[in-house]
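Coordinate inspection notes
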Amino acid sequence: MTEPLLPAAQTPHVLDFISHSQAQTERVGMRLGQLLRAGDLVLLSGPLGAGKTHLIKGIARGLGYDGPVTSPTFVLINEYRADAAHGRLPIYHVDLYRVSGVTELATIGLEEIWLADGVCLVEWPERAAAALPPENLQIALSYVSETKRRLRLMPRGARYQALLATFKEATFG
């Protein structure tokens with residue numbers, strides 16, 4: 001008798017898997033980054049230390065950025081640039097951990113960023129849930145053990161369902 005699949009594994013538009021190290025989380029991010037394009041919005045949620053910034057580091061590498069990637073907890077937004085092969089696309093790394101509400105979002109120009117011609121990566125999106133566009137790729141990270149993290153990728157909208165299908169094929173065959 002075979003073991004039943006987890007509910008997320010049975011859902012065609014959700015992907016659940018375990019990353020076994022920070023390096024593997026970054027490699028997963030790199031594969032995802034290679035598939036992103038201008039206008040894409042990726043929301044990363046999870047507790048402190050769950051690996052959101054490591055995943056973003058990988059995404060930036062996948063877009064050809066090779067500089068430092070740090071969480072913009074105090075400045076709220078870091079901007080990186082993709083390489084020439086990726087059209088020098090802006091990569092916006094947003095951290096909403098210190099944002100207290102939707103009214104504060106208006107002062108940082110978040111809406112302008114996700115409407116811009118770049119890739120927008122948002123940590124702590126739940127702090128801006130009411131203001132976020134309905135179409136996005138949400139990635140929830142959670143602890144499994146000291147080195148392992150569970151990643152759940154949930155697409156919202158046709159663009160992100162197609163992106164996830166391509167990512168699944170490229171990453172897992």
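These remarks concern the structure in this document. Computed from a predicted model, the values in this text were never measured in an experiment. (Residues numbered from 1 in each chain as written. Predicted model: local features only at pLDDT ≥ 70, side-chain atom pairs only at ≥ 80, totals over all residues. Heavy atoms only, no water.)

1. Looking at the pairing of strand β2 (residues 41–45)
Spelled out, the test is: Under the scheme applied here, a residue whose accessible area is under 20% of the maximum for its type counts as buried, over 50% as exposed, and between as partly exposed, the area being computed with a 1.4 Å probe on protein chains only. Under the DSSP-based scheme used, a helix requires at least four consecutive residues in state H or I and a strand at least two consecutive residues in state E, with every element numbered from the N terminus. Pairing between two strands requires that DSSP report at least two bridges joining them.
Across the five residues of β2, five count as buried, placing the element largely inside the fold. In this sheet, strand β5 (residues 119–123) lies alongside β2 in parallel orientation, the contact comprising four bridges. Bridging across to β5, Leu43 finds its partner in Val122. Strand direction decides the pairing type here: β2 and strand β6 (residues 136–143), joined by four bridges, are parallel. Across the sheet, the residue bridging to Val42 is Leu137, located in β6.

2. A few points about the pairing of strand β4 (residues 90–95)
By the criterion of burial, β4 is predominantly enclosed, with six of the six residues buried. Burial along β4 is two-sided: the face carrying Pro90, Tyr92 and Val94 and the face carrying Ile91, His93 and Asp95 are both buried. Relative to β5, β4 runs parallel, the two sharing five bridges. Its bridge partner being in β5, His93 is matched across the sheet by Leu121.

Any functional reading would require information beyond the geometric quantities listed.
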